[in-house]
Amino acid sequence: MFQSKPIFFNNLVKTIGHDSPRSSTDSLVSDDLVLKIGRDSDSLIKKGRTNSDYKNDIDGVLANTNASSSSINTTNKARHHIPSSLMNIVGFDASISIPERNRSPKSLSRREYVELKTKEDVEANDGEKDDWVYRRSSSDDDHSKKKQSQKELLMTHDIDEDSEDSETERSLTLEAIPPLLVAVAWSVLAGSLLDIVKDWDSFVQVKELFILVPVLLNLKGNLEMNLASRMSTSANLGELDKPSVRNSLVFGNLSLLQVQALIVGAVAGIFSFVEGIVFHPHVNSYFESMMVVVASMLCSAMSSMIMGTFMCGLVILCRRYRINPDNIACPMASSLGDLITLVILSLCGQILLKLMHTFISTILFIIMALFIPYWVRHVRKNPYVRDLLLIGWSPLFLAMIISSMAGLVLEQYIEKYSGLALLTPVLTALSGNLGSIYASRISTRLHSNGLEENYRKSEITLFLIHLPIEILFLLLVWWFDMGHVHLTWSFCILYLFVSVICVGCSLVLAKKLTLWLWQHGYDPDNYCLPYLTAILDVIGTALLVLSYVALTNGKS
């Protein structure tokens, strides 16, 4: 009817992976299975019991264990299964995933946490050389103490989980609001600066330079946001704690950023020049086209060096003072990067305009082109960023094409509706920044052994954050009469409604896109943010234009 006691017992020990006292895995089955069937070898085979009885016992254990370990990442490669020998013993085929022993306590479920802690305590008291079965053949008194210890650990872990959730919401709110406010201020300042420099000689005489502004800002912003997201993930994974690794990551990412900036600057200059010929036909000279390309490359290289250094330093400081850089880095990168890029582009345009009919622009173009292989060589030598040299280009250029649609819509209606030039950058920047924070947090969690973000609480917190910021922005516009915006109650309500839609779309897209990219083998730190910000540019601009059209038709 059933196997003899020694054979059954030996097979059972081998089955659950504890034939060695130094087993490298911590099996949830082991404790529960032995406690369920019996704590000593004499109780394993009871007179009159059949294989069916043992099968029912182990069925219950496996069901409880599977329920408690449902949070384990299903893609974990370090998965072990109960072999088919258990089927030969109890007459059924069973398998269960066994979590890795070296996983972080925060990543474990409540039951896993208790089992891991209890096992460590037993090993510490009994010694590493004690036999696994002998330790579980302890007295009833020891077993009751173990159960009491499990209850205490379970209660402590529950308290830690609750406090961690509340601390996460509080830290997200406190850490995200200041950079978002600063980002809105810098976006307004960048819009005001663009309103001033658009009358400069360089922008008046060379129309392609004005077309270059949104294209270059989009491409440059995506480069710096990708850098911020990568560095934030490295910081949260602890990779920046070791000086040698930190220095290699910083210098490698700055070298990679220079390669990307020079190539992106050249492409943006050529794209804006072609777009100017298509939509604003006029006679162009070689010197004029070279001036636009060189201005774009110079601006990209200089602003990337400034912003890259700033972002790396910011992330390192956040790590040192225990601030989550996911909540800060991306908004700072996008808004401050726009302002610095616009300042440098305006100055480069004015200087190159005076030298436009010389070969200075051509010489500068050759020098910057020769710097590309120089930076490529440094990147290829760096093991941390070597693989990034050939990936992540497609989302940058696709995002440029998508954002150009928003630019065409804005260009068509910017003169017709007053205030559109001021409101559009703030609306798209704020919704994009909230989405980038969310995407960066999810990406960090995915890189941390498959841990999951608390999606619901993060979405609610980020959604509620944007409302007071938008209201404060409208109050400042009304108080200082900024952008010649005629604010009415109907317009304010409609604008807030549009902002709610944009932020909702931003959070949904950030979650869906990040998870989709991860599931299909793409690193969200390099692919997600360009698509996200480009799509939001189109959505925000189109909805705001429709709002103006609706209000205008309503008045008429």
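Our structure is the block above this text.
Residues numbered from 1 in each chain as written. Predicted model: local features only at pLDDT ≥ 70, side-chain atom pairs only at ≥ 80, totals over all residues. Heavy atoms only, no water.

Some words on the overall build of the protein chain
When its secondary structure is counted, the protein chain shows 18 helices and zero strands. Put simply, the protein chain has 556 residues, and 48% of those count as buried. Contacts spanning at least 24 positions in sequence make up 81% of the contacts within the protein chain whose residues lie at least 6 apart. Carbon and sulfur atoms provide 62% of the accessible area of the protein chain, an area that totals close to 26600 Å². (Helix = DSSP H or I, 4+ residues; strand = E, 2+ residues; numbered from the N terminus. Buried < 20%, exposed > 50% of the residue type's maximum accessible area, 1.4 Å probe, protein only. Contact = heavy atoms within 4.5 Å. Areas by Shrake-Rupley, 256 points an atom, 1.4 Å probe, with all protein chains shown as cover.)

Overview of the packing of aromatic side chains
Taken as a whole and assessed by the stated rule, the structure comprises 11 aromatic pairs. Between F491 and Y548, the aromatic rings sit 5.4 Å apart at their centres with planes inclined by 55°, giving tilted as the arrangement. Linking F491 in helix α17 (residues 489-519) with Y548 in helix α18 (residues 524-555), this pair joins segments that are 57 residues apart in sequence. We classify F491 as buried; its relative accessible area is 5%. In this structure an aromatic cluster arises from ring pairing among Y413, Y417, F491, Y495 and Y548. (Phe/Tyr/Trp six-rings, centres within 6.5 Å; stacked < 30°, edge-to-face > 60°.)

Structural notes on helix α11 (residues 286-320)
Under the 1.5 Å per step criterion, the end-to-end length of α11 is 51 Å for 35 residues, consistent within 8% with the ideal 51 Å. Looking one or two places after α11, you find R322, whose phi comes out positive at around 60°. (Expected span 1.5 Å × (residues − 1).)

A few points about the pattern of salt bridges
Tallied over the full model, the rule gives two salt bridges. In this structure, E224 engages K220 in a salt bridge whose closest nitrogen and oxygen atoms are separated by 2.0 Å. With E224 and K220 both in helix α9 (residues 207-236) and four residues apart, the pair spans about one turn of that helix. Given a relative accessible area of 0%, E224 falls into the buried group. The class for K220 is buried, based on a relative accessible area of 1%. Between D241 and R319 there is a salt bridge, with its nearest N and O atoms 2.9 Å apart. With D241 in the loop between α9 and α10 (243-279) and R319 in helix α11, this pair connects stretches of sequence that are 78 residues apart. Residue D241 is classed as partly exposed on the basis of its relative accessible area, which comes to 45%. (Salt bridge = Lys/Arg side-chain N within 4 Å of Asp/Glu carboxyl O.)

Examining the nonpolar core
Counting residues in each nonpolar core, the largest one holds 113 residues, and the members touching the most others are F473 and Y495. If you tally residues by element for this core, the top one is α11, at 15 residues. Those residues in contact with F473 that lie beyond four places of it in its chain are V184, V188, L422, L423, V426 and Y495. (Core = buried A, V, L, I, M, F, W, Y, C linked by side-chain atoms within 4.5 Å.)

With respect to α9
Here α9 spans 45 Å end to end across 30 residues, near enough to the 44 Å set by a 1.5 Å rise per residue. Along α9, the helix axis deviates most sharply at V213, where the bend reaches about 35°; the proline P214 sits within four residues downstream. Judged by how many residues are buried, α9 sits mostly within the fold: 25 of 30 residues are covered. (Bend = angle between axes of the 7 residues up to and from the residue.)

Topic: a nonpolar patch on the surface
A surface patch of nonpolar side chains, amounting to about 860 Å² of accessible area, comprises Y286, I351, L355, F359, I360, I363, I367, F371 and Y374. Looking at which element gives the most residues to the nonpolar patch, the answer is helix α13 (residues 360-381), with five residues. On the basis of relative accessible area, L355 is assigned to the partly exposed category, the value being 33%. (Patch = residues over 30% accessible without salt bridge, like charges linked within 9 Å, V, L, I, M, F, W, Y side chains within 5 Å.)

Section: the packing of helix α15 (residues 420-447) against α17
In contact at an axis separation of 9 Å, α15 and α17 are set at 25° when each is read in the N-to-C sense. On the basis of their axis angle, the class for α15 and α17 is roughly parallel. The hand of the α15/α17 crossing is right-handed. In terms of residue class, the contact of α15 with α17 is made up of 17 nonpolar, eight polar and one charged. (Axes fitted to C-alpha atoms, helices over the stretch in contact; angles between N-to-C directions. Parallel < 35°, antiparallel > 145°, perpendicular 65-115°, else oblique. Left-handed = near helix turned anticlockwise from the far one by under 90°. Nonpolar A, V, L, I, M, F, W, Y, C, P; charged D, E, K, R; others polar.)

Some thoughts on the environment of N327
In this structure, N327 sits in the loop between α11 and α12 (329-354). For N327, a relative accessible area of 0% gives the class buried. N327 sits 152 residues away from E175 along the chain, and the two C-alpha atoms are 6.0 Å apart. If we skip the residues at most four places from it in the chain, N327 touches S171, L172, E175, A176, P179, I437 and R441.

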